[in-house]
Structure formats: structure tokens, C-alpha cells
Amino acid sequence: AFASQPIMPASTRIICRMPATSRWLNTTTFKPSRTSCAAMSAGMPFRVISAHLEDADPSVQIAQAEELLAGPGNTALPTVFLGDFNSDANAAPASGAYAVLTGAGLSDAWTAAHPGDPAPTCCQDPLLQNPVSLLDQRLDLVLVRGGVQVLEASRVGADPSDRVAGLWPSDHAGVVATLRIAR
């Protein structure tokens, strides 16, 4: 799953004021990543884990999700997992990495804020020129546990009005969540 070399560039990034740990994944298609850091909000410590899981092999995604839980996710701190998990949260029944993560007690911020709203985040045409949105899977997620309260969640880059010069901002819509860390 994850290799042990430090990374600099990443497809999903977060900014930490404290030391962060990052690793490349062993893949043949591209180099997804994970980054975790300790953070503070109003004096309350919590953990943030950003991940971009393998897109081609569900068994690798499951192994990566299990490693996230056993590694940086193995903490008593309130925890926020975010990123492109390449596992459709709208699949019925839940499967893959999404099932592993939610089965381990993580709550889906989008589902908490918008029960029943599928809100797909992937995937526009690679050239980003499609006039009508092609989003049909919810791969980009904010998952929380341990005293993290979801106040609201929204998508960015999913509405045709978000297009600039006829192009979508990305092949994925982003998810923005407002969270409160319990005292």
C-alpha cells in the first residue's frame, strides 16, 4: 500500500502549522498520496488526514483505507479524513474503501448535512469542455469521527455557473465542510 519515502508534490494537499507526515503509494498509474498532521482549533487538538487513493483497483483501495485506519487514523484524537477516495459513497450497498472507513466509525460530512442528496463529485470530461455536467459518482469526501460535529457542507465546481471560459474548474467537484471540534 504506502511506501516510506517522503513526498513533496501531492495531488491532495493540506497546510499544517505543525510537522506533517506524508508518503507515496506504490502504484503503476500515478502516485496518489496521504498526508496527516496534528492540528489545533480553539486549543483543541485534532488530526487531519488527507488521502488520494488508487483509482484502478478496489482491493488496493481497501488495503489503503485499512492502512489509513491502522496508521495515522489510529488515534483517540478527533479526526478528519478528506480527499479523493476513489470509492463511490453513493454505491448501494456501500462497498470498497468507503465501506471500510464508514464501517470503522467515520461519519460522512455530506450525508450528515444533506441526508438523501447524492451530490456527485466526479467526473467531468478530462478536457473539461463538456457543456453539461457529467458528475455521476461521489468520490471526494470529508469523513469525521471522535467529537467532530458537521455544521454544513457544500460542493464547489459542480454548477455550470462555475465554468470559466467554457471549462469546468476540475474533473472533480470539491467538498467544503464546516466542522466544530468538541471540547
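Residues numbered from 1 in each chain as written. Predicted model: local features only at pLDDT ≥ 70, side-chain atom pairs only at ≥ 80, totals over all residues. Heavy atoms only, no water.

K.L.:
Can you walk me through the state of the cysteines in this structure?
P.N.:
Between two cysteines, a covalent bond joining their sulfur atoms is known as a disulfide. In total, this model carries one disulfide according to the counting rule given. The disulfide bridge from Cys 122 ends at Cys 123, spanning 1.4 Å between sulfur atoms. For the disulfide bridge between Cys 122 and Cys 123, the dihedral angle about the S-S bond is near 45°, and by the sign convention the bridge is right-handed. Judged by relative accessible area, which is 0%, Cys 122 ranks as buried. (Disulfide = S-S within 2.5 Å. Buried < 20%, exposed > 50% of the residue type's maximum accessible area, 1.4 Å probe, protein only.)

K.L.:
In this structure, what is going on with the confidence of the model for the chain? I would like to understand it.
P.N.:
Detailed reading of the predicted coordinates is not advisable wherever pLDDT is low. Across the chain, pLDDT averages 84, with 83% of residues at or above 70. Strand β5 (residues 107-108) holds the highest mean pLDDT among the elements of the chain, 98, whereas strand β1 (residues 20-24) holds the lowest, 49. Taken together, the stretch residues 1-15 has pLDDT below 50 and engages in 43 contacts with residues farther than four places along the chain or on a different chain. Note that residues 24-30 has pLDDT below 50 and, in this model, 26 contacts with residues that lie over four places away or in other chains. (pLDDT = per-residue confidence, 0-100. Helix = DSSP H or I, 4+ residues; strand = E, 2+ residues; numbered from the N terminus. Contact = heavy atoms within 4.5 Å.)

K.L.:
Please clarify how the pattern of salt bridges should be interpreted in this entry.
P.N.:
Between side chains of opposite charge, a pair can form when the charged atoms approach closely. Summed over the entire model, instances satisfying the criterion amount to one salt bridge. The salt bridge partner of Asp 108 is Arg 138, with a shortest N-O separation of 2.9 Å. Taken as a pair, Asp 108 in strand β5 and Arg 138 in the loop between α3 (109-113) and β6 (140-145) lie far apart in primary sequence, 30 residues in all. Owing to a relative accessible area of 6%, Asp 108 belongs among the buried residues under this scheme. (Salt bridge = Lys/Arg side-chain N within 4 Å of Asp/Glu carboxyl O.)

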